[in-house]
Amino acid sequence: MSVALLGFVGLVVLVVIKLLNSTDIPKINGLVELPGIPIFGNLLQLGSSHANACRVLAARYGPIFQLRLGNRRFVYVNSFDATYLPSIDLETTTNAKDIQAMSKEGMDVDPTLYFQRSSLNMALRVSYGFRLKGAVTDERIREVVDVERELSLLRGIAHCWQDYIPIMRLWPGYRTHAIRLRDRRDSYLGQFFKQLKHRVSAGTDVPSITGNMMKDPEAKLSDGKLYEVKTVSLSMVAAGLDTLPSNINMAIAYLSSAHGQEIQQRAFNELQKVYPDGSGWRECLQAEHCEYLMALVKENLRYWSTFNLSIPRVGIKAIEYKGVTFPADTPFVMNVFAANHDDSRFEKPEAFNPERYLAGAKTGLQHLSYGAGSRACPGDHLANRQLYVILTRLILAFRIHEAADSKMRPVLDPIACSSVTTGMVTQPNPFKVRFVARDEHQLAAWVQDSVQRTAAFDI
Ligand code: HEM
């Protein structure tokens, strides 16, 4: 056979393979694809136990991947929960262990640091597949928390007057603070990326969003393309880091008050009914069965609002509303706080009252704290799960009392509680409470159980 003929046959074979491998929709860039074979794609690999085969493959390829069934392409979502539930388990347990140690010494405790650390670690786990081990005062943890907090302040619509009064931009060095913060952020994001890259090459990484992108040759991520990694990870790390700890810390603040004692008792009783015999510590991870706890989570979101003024959103086309035409490009700001405290919707909105969610409609928009519409918070599901688990575990494990030092007791007004009222997210004024373990032995057993269960995730 001549060389030319050989070449021709080779070309035909290549074209046939390409045709047999083609799919109804093209490969999705940036998402891991399971390797398949011509004609069948992944059909033979998945076999008759399709769901289970995917579950097993998810441990290797990550919770979300694309595959081919013959000539059709599908994206499989193999339980996002599988990634973050162990992380919620591990982080809430780490906090409980540390808080228990402090409470044994009878000290007033500032809860803020603990929930900043746990939120950061949950975000890192989902984004990069690892956590920052270390005490709440660990330098690296503080650096990320402090920088993200400062940046969130700068983004507050009421915070930077230079955005609205051009002459103020002449102030020398008005940008330097923001630039310095960006450099500090670039530095730790670069380190996270490097650490993950190292794990991926060593084959010791666990599924994560950035890891999945890194493994996909078509995404072509590299140190030089850090920008793409930043956009993915920033949303996850930054968005949940300020909001969730703020909301949970104000929940703890309220629970420490006189009215909070009644709420704790009611919640504890309801939890005992739903999760008997100490099963609540573990069961609350799997399903949200306690109506009262769910109501407490919602009321906590409504009352504190947390994200009081939304990020400004620009309309892409003209909008007609009650006879007024808002032209395209009009920026809108949603006053989440006002909507959550609107007395035409909520009876006595100034009162903290979880009961309102037991009596009222249980479907539809319950509050505006996650925003609304197409730009509403995409992390609401994760945030709700975290809030439910954190509050359940705290109430099962501890009684939360006012601080012995009366000067350190929290301000319980949803606006005055914030140390920077012009920021995007409520920044609770420093405060302390006293945690008293309900049953030291039971708590130690729960902690041990969780530590064993999550050992593989403690990386
Ligand atoms: C108590 C916790 C939280 C609250 C109160 C909250 C609230 C909000 C609000 C009000 C917005 C803006 C919506 C708008 O402008 O219309 C938002 C945006 C966002 N949130 Fe959350 N959030 C929370 C937790 C989280 C978590 C845990 C994550 C991620 C895992 C997250 C990810 C995001 C992202 C990525 C955006 C930007 C969405 C976009 O620009 O389209 N949030 N959040």
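Fair warning: this is a prediction, and the values are worked out from it, not measured in the lab.

What counts and how
- Residues numbered from 1 in each chain as written.
- Predicted model: local features only at pLDDT ≥ 70, side-chain atom pairs only at ≥ 80, totals over all residues.
- UniProt positions renumbered as here; feature names shortened; annotations may be inferred.
- Helix = DSSP H or I, 4+ residues; strand = E, 2+ residues; numbered from the N terminus.
- Contact = placed C-beta atoms within 7 Å.
- Domains from an automatic or database assignment.
- Near = placed C-beta within 6 Å.
- Nonpolar A, V, L, I, M, F, W, Y, C, P; charged D, E, K, R; others polar.
- Expected span 1.5 Å × (residues − 1).
- Buried ≥ 20, exposed ≤ 12 C-beta atoms within 10 Å, placed from the backbone.
- Core = buried A, V, L, I, M, F, W, Y, C linked by C-beta atoms within 7 Å.
- Axes fitted to C-alpha atoms, helices over the stretch in contact; angles between N-to-C directions.
- Left-handed = near helix turned anticlockwise from the far one by under 90°.

Asker: What is the right way to look at the UniProt feature "binding site: heme" (unreviewed entry) in the protein chain in this model?
Answerer: The UniProt record marks Cys377 with the feature "binding site: heme" (unreviewed entry), using the residue numbering of this structure. Mapped onto the fold, Cys377 is located in the loop between helix H14 (356–359) and helix H15 (380–397). Excluding its chain neighbours within four sequence positions, the residues that come into contact with Cys377 are Tyr370 and Gly371.

Asker: Quick question: what am I supposed to make of the domain arrangement of the protein chain here?
Answerer: Bring the parts together and some accessible area is lost; that lost area is often taken as the interface size. We note that the domain assignment places domain 1 (3–77) and domain 2 (84–131 + 242–457) within the protein chain. Inter-centroid distance (C-alpha atoms) of domain 1 to domain 2 is 43 Å.

Asker: I keep staring at the site of the ligand and nothing clicks. Help me out?
Answerer: The environment of the ligand is made up of 23 residues, and the closest members are Ala239, Gly240, Gly371, Cys377 and Gly379. Those elements giving two or more residues to the shell around the ligand turn out to be helix H9 (226–255) and H15. Broken down by element, the residue count for the shell around the ligand peaks at seven residues, all from H9. The class makeup of the residues in the shell around the ligand is 12 nonpolar, nine polar and two charged.

Asker: Which parts of the structure should I look at to understand H15?
Answerer: An α-helical turn contains 3.6 residues, so a residue and the one three or four places further along point in the same direction. For H15, with 18 residues, the first-to-last C-alpha span of 25 Å sits near the 26 Å given by 1.5 Å per residue. Across the 18 residues that make up H15, a large majority, 14, are buried.

Asker: Honestly, the environment of Thr426 in this entry has me stumped. Any pointers?
Answerer: Mapped onto the elements, Thr426 comes out in the loop between strand S7 (398–402) and strand S8 (433–437). Sequence separation of Thr426 and Ser246 is 180 residues, and the distance between their C-alpha atoms is 6.4 Å. Excluding anything up to four places from it in sequence, Thr426 contacts Ser246, Trp304, Thr306, Asn308, Cys417 and Ser418.

Asker: How should the nonpolar core be read in this particular structure?
Answerer: Within soluble globular proteins, side chains that are nonpolar tend to cluster in buried spots. Grouped together as the largest cluster of nonpolar side chains are 75 residues, with contacts concentrated most on Ala123, Leu293, Leu296, Val297, Tyr388 and Leu391. Among residues more than four places away in sequence, those in contact with Leu293 are Ala267, Glu270, Leu271, Tyr388, Leu391 and Thr392. Judged by nonpolar contacts, the second largest core, of seven residues, contains Met334, Leu368, Met424 and Val425.

Asker: Sorry if this is basic, but what is going on with the packing of helix H12 (residues 291–304) against H15 here?
Answerer: Helix packing for two helices is described by the angle between their axes and how far apart those axes are. Taken N-terminus to C-terminus, the directions of H12 and H15 make an angle of 115°; their axes are 10 Å apart at the nearest point. Handedness of the crossing formed by H12 with H15: right-handed. Contacts between H12 and H15 involve Leu293, Met294, Leu296 and Val297 from the first element and Asn384, Leu387, Tyr388, Leu391 and Thr392 from the second. Counted by class, the contact of H12 with H15 contains seven nonpolar, two polar and no charged residues.

Asker: Looking at this structure, I do not really get the environment of Ser201. What am I missing?
Answerer: Mapped onto the fold, Ser201 is located in helix H7 (residues 176–202). We classify Ser201 as exposed; it has 10 C-beta atoms within 10 Å. Sequence separation between Ser201 and Lys215 is 14 residues; the distance between their C-alpha atoms is 9.6 Å.

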